[in-house]
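Report on the structure
Below are the chains, spelled out letter by letter.
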Amino acid sequence: QVQLVESGGGLVQPGGSLRLSCAASGSIFSIRAMGWYRQAPGKERELVAAITRGGSTNYADSVKGRFTISRDNAKNTVYLQMNSLKPEDTAVYYCNADRTLTARGVRDYWGQGTQVTVSS
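To keep things clear, this report deals only with the structure shown in the data block.

What counts and what doesn't
- Residues numbered from 1 in each chain as written.
- Predicted model: local features only at pLDDT ≥ 70, side-chain atom pairs only at ≥ 80, totals over all residues.
- Heavy atoms only, no water.
- Patch = residues over 30% accessible without salt bridge, like charges linked within 9 Å, V, L, I, M, F, W, Y side chains within 5 Å.
- Areas by Shrake-Rupley, 256 points an atom, 1.4 Å probe, with all protein chains shown as cover.
- Salt bridge = Lys/Arg side-chain N within 4 Å of Asp/Glu carboxyl O.
- Helix = DSSP H or I, 4+ residues; strand = E, 2+ residues; numbered from the N terminus.
- Buried < 20%, exposed > 50% of the residue type's maximum accessible area, 1.4 Å probe, protein only.
- Polar contact = N/O pair within 3.5 Å; in protein donor to acceptor, adjacent residues only side chain to side chain.
- Contact = heavy atoms within 4.5 Å.
- Pairing = 2+ DSSP bridges.
- Axes fitted to C-alpha atoms, helices over the stretch in contact; angles between N-to-C directions.
- Disulfide = S-S within 2.5 Å.
- Phe/Tyr/Trp six-rings, centres within 6.5 Å; stacked < 30°, edge-to-face > 60°.
- Lys NZ or Arg CZ within 6 Å of the ring centre and 35° of its normal.

The grouping of Phe-29, Leu-101 and Val-106 at the surface amounts to a nonpolar patch, some 290 Å² of accessible area in total. Take Phe-29: it is sitting in strand β4 (residues 28–39). Judged by relative accessible area, Phe-29 falls into the exposed class, the value being 54%.

Time to look at the side chain of Asp-89. Looking at the secondary structure, you find Asp-89 in the loop between β8 (77–82) and β9 (91–102). Polar side-chain contacts of Asp-89 include one of 3.0 Å to the side chain of Arg-38. Excluding its chain neighbours within four sequence positions, the residues that come into contact with Asp-89 are Arg-38, Arg-66, Phe-67, Ser-84, Val-116 and Val-118.

Moving on, we come to the environment of Asp-89. Here Asp-89 falls in the buried class, since its relative accessible area comes to 1%. Engagement of the side chain of Asp-89 in a polar contact is seen with the backbone nitrogen of Lys-86, the distance being 2.8 Å.

Inspection of every chain in the model, using the stated rule, returns 5 salt bridges. Asp-61 is the partner of Lys-64 in a salt bridge, and the nearest nitrogen-oxygen pair spans 3.1 Å. It is possible to trace a salt-bridge network through shared partners that takes in Arg-38, Glu-46, Arg-66 and Asp-89.

Overall, antiparallel pairing links the 4 strands, which are arranged β1-β3-β8-β7 in an open sheet. Two strands in the sheet have a free side with no partner beyond their single neighbour: β1 (3–7) and β7 (67–72). Ignoring which end each strand starts from, the neighbouring axes of this sheet average 15° apart. Two strands pair when backbone bridges link them, and strand β3 (residues 18–25) and β8 are joined in this way by 6 bridges, in the antiparallel orientation. From the neighbouring strand, Leu-20 faces β8, where its bridge partner is Leu-80.

Take the state of the cysteines next. Chemically, a disulfide is nothing more than a covalent bond linking the sulfur atoms of two cysteines. Enumeration over the complete set of coordinates arrives at 1 disulfide. The disulfide bridge from Cys-22 ends at Cys-95, spanning 2.1 Å between sulfur atoms. Its S-S torsion of approximately -85° makes the covalent link between Cys-22 and Cys-95 left-handed. Taken together, the residues span a long stretch of sequence, with Cys-22 in strand β3 and Cys-95 in strand β9 at a distance of 73 residues. Here the two residues Cys-22 and Cys-95 agree in accessibility, since each one is buried.

Bringing the packing of aromatic side chains into the picture now. What characterises a pair of aromatic rings is the spacing of the ring centres plus the angle enclosed by the ring planes. Counting across every chain of the model gives 1 aromatic pair. Ring geometry for Tyr-37 against Trp-110: centres 5.0 Å apart, planes inclined by 65°, an arrangement best described as edge-to-face. With Tyr-37 in strand β4 and Trp-110 in strand β10 (residues 105–110), this pair connects stretches of sequence that are 73 residues apart. The cationic tip of Arg-107 hangs over the ring face of Tyr-109; the distance from NZ or CZ to the ring centre is 4.1 Å.

Everything listed is a geometric property; what it means functionally is a separate question.
Dropping the structure here:
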């Protein structure tokens, strides 16, 4: 069984920074891509940033230049450094492991979510 455990959310003032971490555990052979999604109240879940095993990255336009995603393949861990945070970044942030290969086959996994609140 694969589990994704997120940490690092919280309350921060506008202009501040937070760093999210997500560690995948279990009998994992490989993970094609890891990423972060977010969902604000009344809105659909959206991609924030993703990174492939080879290091290619993809960002939502709204976070480009402010957020940086990174990954430690050996630890199956992904990070999201969030700088210059804005109130509109407030949401529950979910970690995703895309096309995760285990002895049971290939599927996607999701973390339980961590709240990020940007407010003065």
